[in-house]
Structures are given as structure tokens and as C-alpha cells.
Amino acid sequence: MIPFNKPPYLGTEPAFIQQAIDNMKICGDGPFTKQCNEWLEQRFHAQKALLTTSGTAALEMAALLCGIKPGDEVILPSYTFSSTATAFVLAGANLVFVDIRPDTMNIDESKIEAAITDKTKVIIPVHYAGVACEMDTILDLASKHHLKVVEDAAQGVMSTYKGKALGTIGDLGCYSFHETKNYSMGEGGALLINDPAHREKAEVLREKGTNRSKFYRGQVDKYTWVDYGSSYLPSDMNAAYLWAQLQQADRINEDRLRSWNRYYEGLSPLSEYGCIELPHIPAECTHNAHMFYLKCANVEERSALIDHLKEHGALAVFHYVPLHSSPAGRRFGRFVGEDAHTTRESDRLLRLPMYYGLDESDLDHVIDIITAFYR
Ligand SMILES: *Cc1c(COP(=O)(O)O)cnc(C)c1O
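*Asks:* Where do I start with the site of the ligand in this structure?
*Replies:* Near the ligand, the surroundings consist of 16 residues, among which Gly55, Thr56, Asp152, Ser176 and Lys181 are the closest. A distance of 2.8 Å separates an oxygen atom of the ligand from a polar backbone atom of glycine 55. Within the side chain of aspartate 152, one N or O atom sits 2.8 Å away from a nitrogen atom of the ligand. In isolation the ligand offers 380 Å² of accessible surface; the protein chains occlude 93% of this area. The cavity where the ligand resides is the largest pocket. Elements represented by at least two residues in the shell around the ligand include exactly helix H3 (55-65) and helix H4 (82-90). Counting residues per element, the shell around the ligand draws most heavily on H3, which supplies three residues.

And the structure:
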């Protein structure tokens, strides 16, 4: 059976993990964490990057740094992972969902302004499948209405919008290094801090409310509790696993893009016949092949295709159930405007096997099974 996902693994990870153990430094903020932070800052021209225990944790930090208080509103797409929403709900926010664009499955930037009220504090663009949202429009809206922008770039590591790395465009950016993402440390993530005003507070928040980071830099002579916070530091053993992957970031990216392009080419005839729809990459975006999806005519056809693929040895899966129709989404949020695309497009979308090291023969097999289904 061709799996849907395989956690990325190069073979160089165990030696780095052993090194972390030999360093006698397996807690947070050891040498590997620092190296990863610096790598992210240099590679993506980020002001400041901090590894976290998950992408969800990075989003939680972002919500707190934006000063979200009970009753504040945040604008996000309904078509996203629960983390995007629940991180802000924990801080007390009410969710305001808006529709997506059918071409990229990203928040429809033209629907945001109508959802802004005097309670709105943050816009949260989610870069679905590592393809950027229309950030220029979103940033203009944010500056016009004095809102913060938190990018959920969990899927967008190594992708760009107009040459800028995703995660470095809004006030704050959140990455995930979960095992289902392009680069992994098992569970983990990073917060990118693009507005220097948040820097010190982020360090305190991440270090149980202490000024430990400042203390280690010699900027204060006492290490003490200064504000509220939590523990968002991953173990340096996990950072060592990630470090191995960042060392080969281009190799992983190229391998995934090769698979993505082969799917695209192989499935193009079916798209030309009008059987399926293929993803759209806007001209100003480069993507990281986080995901390859196609769209069937409707949910019944998608179920049949999933079964057909399974019978012939490949696992394909659908994605998010729109949050506004979920029990928690109904409780904590409301949908503003018309759901013209969110439900319809999410019903049709099917994700194909995609991971580092996906065999060409397996790829061709998946393309053949799908072609046979439509024939
Ligand atoms: C994976 C993901 C997250 C959460 O990341 P974790 O590291 O699993 O906590 C958040 N948002 C999106 C869009 C994701 O794909």
C-alpha cells in the first residue's frame, strides 16, 4: 500500500540526536535549538525565530502577543485546521469566519473588510498547501483598520510570496514541524517575530514568564519571574532531528517539487477533459509542494475515487471539515458573508500521497489508477 504520508527522514538525524545526548543538553534552548533558530532567521530573512513545541503552540503565543482578550474578534478562513482557531479561542477570542477562494483554497481577501468590526484585532491568513494568500491586500486592510496579521504558515516553510518567505510577511508567522509537514522534529514548530516590539515579550512567554533569555545574554543579573507565560521550548533532541533536515532543506524541497510536477503533468489530460481540477499557483507565489490535491465533481465521486485508490494500493484522503460547521466552530464563531465556496470545495478536494522520497513508480501508479477510474 502506498501510504498517504511518511515522516521525513534522511538518515543523518540519529547522529545529531546522539550529539545532543552527548552534549548533556536535552532540555530546551540548547545548541541545536539555537542553530535552528539562526538558520530560520538567515534563510528566510526573519527578524527573530524561536522554535516551539508545536505549530499550535506558536499560534497560541501569537494570540497572546497580539494581546487578545475575551470578546476580541479574529478573522480567519473556515477551511483550516482546528489549531488556527483554538489557539485564539484559548486567549478568549470570538472567531469570524469568511469564505475562501476556490482557486487556492485560501481566505478570500475581498471578503475580509465586510467582516471587520470595532472588536476585530487580528487577521489570520492560512497559506493552504504552502501557497500564499493575497498578502498585499491583507496587509493594506490591516494597516487601514489597525489590525495585526498572524500568518498560519504551518504548511508554508520554504514557500514565498513576491520573493518573501511565508511567515515573515505579517506581524507574526507560525511554522509547524509536525511529522506530516515538509520538515519535521516529530512535534514542533516555530514562531517568527517580524515586529521587533514583540521580541522580548515572546522570549518571556516561551520561558515560563521568566527573563531567562535576557539573563543568559548577560543583560540582567537576576533571573526571575516577570510576566505570565508557559513552556513552549522543545527538547534539544527534537531540534537535533530538525537540524538534520534543515541542512538538506533544498534537497527535500526539490524532491517534493519533482513529485508534485509529475502528478501535475500526469493528471493534466484528465483536467483537460474536464474530469478533475488541478491546483492553481498564482504567478507571485513559489510553493513547497506541501500537498498535491485534485478536485472531483462532488463528494460522491470523491468517495468512490478514494475507495478505488484503496482497492488498487494507494491511500488518498480528504481534508478539513469546515470549522463553521463543527461543534466548536459553531460555539466560538460565526460565518460572515456567504459560504459560496468553503463547503462545496472542501467536499470535492482529495489529497494524494505526498512525502519526501516518494518513488517515481509509485507516483506513476497513482496517476494510472486515477486515469483508469475516469476512463
Ligand atoms: C499542521 C498545522 C497546524 C498545527 O501544527 P502542529 O505542529 O501540528 O501543532 C496549524 N495550522 C495548519 C494550517 C496546519 O497545517
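*Asks:* How should I be thinking about a nonpolar patch on the surface in this particular structure?
*Replies:* Taken together, the side chains of Phe215, Tyr216 and Tyr223 make up a nonpolar region of the molecular surface, amounting to roughly 340 Å² of accessible area. Secondary-structure assignment places tyrosine 216 in helix H7 (residues 212-216).

*Asks:* Even after reading the chapter, I still don't get the pattern of salt bridges, so can you show me in this structure?
*Replies:* Side chains that differ in charge, positive against negative, can pair when their charged atoms come close. Summed over all chains, the structure comprises 23 salt bridges. One salt bridge in this structure joins aspartate 136 and lysine 162, with 2.5 Å as the shortest N-O distance. Taken together, the positions of aspartate 136 in helix H5 (residues 135-145) and lysine 162 in the loop between strand S6 (160-161) and strand S7 (164-165) put the pair 26 residues apart, joining distant regions of the chain. The class for lysine 162 is partly exposed, based on a relative accessible area of 49%.

*Asks:* Any chance you could explain the side chain of arginine 101 here in plain terms?
*Replies:* Along the polypeptide, arginine 101 turns up in the loop between strand S3 (94-98) and strand S4 (120-123). A polar atom in the side chain of arginine 101 sits 3.2 Å from the side chain of glutamate 109. Setting aside residues up to four positions removed in sequence, arginine 101 forms contacts with Asn106, Ile107, Asp108, Glu109 and Glu134.

*Asks:* So what exactly am I meant to see when it comes to the environment of serine 326 here?
*Replies:* Assignment of secondary structure puts serine 326 in the loop between helix H10 (299-311) and helix H11 (327-332). Each C-alpha atom, one on serine 326 and one on arginine 217, is 46 Å from the other, the two residues being 109 residues apart in sequence. A distance of 3.0 Å separates a polar atom in the side chain of serine 326 from the backbone nitrogen of glycine 329.

Reading guide: rules and limits
- Residues numbered from 1 in each chain as written.
- Predicted model: local features only at pLDDT ≥ 70, side-chain atom pairs only at ≥ 80, totals over all residues.
- Heavy atoms only, no water.
- Near = heavy atom within 4 Å.
- Polar contact = N/O pair within 3.5 Å; in protein donor to acceptor, adjacent residues only side chain to side chain.
- Areas by Shrake-Rupley, 256 points an atom, 1.4 Å probe, with all protein chains shown as cover.
- 1 Å grid on protein atoms, 1.4 Å probe; cavity = no way out; pocket = protein on both sides within 12 Å on 5 of 7 lines; lining within 4 Å.
- Sits in = over half its atoms within 2 Å of the grid points.
- Helix = DSSP H or I, 4+ residues; strand = E, 2+ residues; numbered from the N terminus.
- Patch = residues over 30% accessible without salt bridge, like charges linked within 9 Å, V, L, I, M, F, W, Y side chains within 5 Å.
- Salt bridge = Lys/Arg side-chain N within 4 Å of Asp/Glu carboxyl O.
- Buried < 20%, exposed > 50% of the residue type's maximum accessible area, 1.4 Å probe, protein only.
- Contact = heavy atoms within 4.5 Å.

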